[in-house]
Amino acid sequence: MPTNLDEMLRVAPADLPSEAVIFGGTPAMRKVRDQIERVRLSDDPVLIQGESGTGKETIARFLHEHSNRRDRRFVKLSCAAVSSSLVEREIFGGETESLARSPEGRLGLVGVADGGTLLLTEIGELSLDLQDKLLRVLQDGCYPRLGGREERRGRTRVVCASNVDLLGAVASGAFRADLFDRIEAVHLRLSPLRDRKNDIPQLCEYFFEKLSREFQRAIPELSPGTIELLKQWSWPGNLLELRNWIARAIILGEDEALAAELRRRIGARYRLAQSRTGSLEEAGDGAGLTATSALILRALESNRWNRRKTAEALHMSYRALLYKLRGVGIPQRRRSHGGPPRTH
């Protein structure tokens, strides 16, 4: 068990996945790695944006471990998990009697992380008043403590994370434009898992090894058919959802249970898509494997999975069809049956 604050807040490099697991092989995620390399030794704030479950905290920890702050503390706070009345004292600390009873309460996370990295997740939930105080920290390093008269100075690097469109919040007046400009100078955009499907086998291997150690259970082997099913799912919960699927496979102890549930969900989604009607242009407004994929699937089946004939039937170019196939997650190889792919 950790015996002091440093041990509780320190993140060992061994706790992080490998670079290959974190960034995979897609150009968008390799660009994120290149951006980190360029800014890792700077003091500039960083904004990490991505859907829920895309690994924003992991990226922040990776940045910290590859910076010149790696020997200092990494601390985090979810601005959505703490009531607005408590966020200020959590971030900036205070000198009231109750807060001064512990180092964390007195210093606040800016002070606790002094010289290290402070990750603020769901930054869009921060009130306008606290956004102003955070901007002052970023601009000149000064911040006030609750109940205190003197301003303090901090040397903490602030990393902000959000899964919502902050530009929209700026436009509506819910987020300060000057704060957005300050944190957006270094902007890391994380890809959703549906755009990283070729990384799924390696991600599965990582989660299997990690969770098998945690659960002290043997690692079940995934068949090629199950891997294919995993690639066909849309992953609305991204990496977190994949982690939970792998945890379920380990607990159940068999590959077929995972494959059966995937087939059920993909089949349900497939049948829902088939029930939709309309033109291909109208279907393009849907998300994932919805009306667009239903129309393409019907055309593929009618033309016995001949992609060139399917493109002609849909009045589109062959290249455009291949692009659509990749976009909605429909396998491009011809199948001998008309339903979604199955395991063998």
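Thresholds applied
Residues numbered from 1 in each chain as written. Predicted model: local features only at pLDDT ≥ 70, side-chain atom pairs only at ≥ 80, totals over all residues. Heavy atoms only, no water. Helix = DSSP H or I, 4+ residues; strand = E, 2+ residues; numbered from the N terminus. Buried < 20%, exposed > 50% of the residue type's maximum accessible area, 1.4 Å probe, protein only. Polar contact = N/O pair within 3.5 Å; in protein donor to acceptor, adjacent residues only side chain to side chain. Contact = heavy atoms within 4.5 Å. Salt bridge = Lys/Arg side-chain N within 4 Å of Asp/Glu carboxyl O. Core = buried A, V, L, I, M, F, W, Y, C linked by side-chain atoms within 4.5 Å. Axes fitted to C-alpha atoms, helices over the stretch in contact; angles between N-to-C directions. Parallel < 35°, antiparallel > 145°, perpendicular 65-115°, else oblique. Left-handed = near helix turned anticlockwise from the far one by under 90°. Nonpolar A, V, L, I, M, F, W, Y, C, P; charged D, E, K, R; others polar.

Engineer: What am I meant to see in the side chain of Thr156 here?
Structural biologist: Among the structural elements, Thr156 can be located in the loop between strand S5 (151-153) and strand S6 (157-162). According to the relative accessible area criterion, Thr156 is buried, its value standing at 12%. In this structure the side chain of Thr156 is engaged in a polar contact, spanning 3.5 Å, whose partner is the backbone nitrogen of Asp114. Once residues within four sequence positions are removed from consideration, Thr156 is found in contact with Arg69, Val110, Ala113, Asp114, Gly115, Gly116, Thr117 and Leu118.

Engineer: Explanation requested: the pattern of salt bridges in the structure shown.
Structural biologist: Where charged atoms from two side chains of opposite charge approach closely, those side chains can pair. Per the stated rule, a full pass over the model turns up 15 salt bridges. Put simply, Glu57 and Lys76 hold a salt bridge, and the shortest N to O gap is 2.8 Å. Of this pair, Glu57 sits in helix H4 (residues 56-65) while Lys76 sits in strand S2 (residues 74-78), and the two are 19 residues apart along the sequence. Taking relative accessible area as the criterion, Glu57 reaches 26% and is therefore assigned partly exposed. Residues Asp129 and Lys133 are paired through a salt bridge, measuring 4.0 Å at the closest nitrogen-oxygen approach. A residue pair is termed a helical-turn pair when its members lie 3 or 4 positions apart in one helix, as Asp129 and Lys133 do in helix H7 (residues 128-140) at four residues. With a relative accessible area of 16%, Lys133 lands in the buried category.

Engineer: Explain the nonpolar core here, please?
Structural biologist: Soluble globular proteins tend to bury their nonpolar side chains together. Counting residues in each nonpolar core, the largest one holds 29 residues, and the members touching the most others are Ile91, Leu120, Ile123, Leu126, Leu134, Phe175 and Ile183. Secondary structure elements with two or more residues in this core: S2, helix H5 (84-92), helix H6 (103-112), strand S3 (117-121), H7, S6, helix H8 (166-172) and helix H9 (177-183). The dominant element in this core, judged by the number of residues it contributes, is H7, at five residues. Sequence-distant contacts of Ile91, that is, excluding residues within four places in its chain, are made with Leu77, Gly108, Leu109, Val110, Leu120 and Leu126.

Engineer: Hey, could you run me through the packing of H5 against H7 in this one?
Structural biologist: Describing two packed helices takes the angle between their axes plus the distance from one axis to the other. Contact geometry for H5 and H7: axes closest at 11 Å, N-to-C directions at 15°. With respect to each other, H5 and H7 are oriented roughly parallel. Crossing of H5 against H7: the hand is left-handed. Together, Ser84, Val87, Glu88 and Phe92 of H5 and Leu130, Lys133, Leu134 and Val137 of H7 make up the contact between the two elements. Taken together, the residues of the contact of H5 with H7 sort by class into five nonpolar, one polar and two charged.

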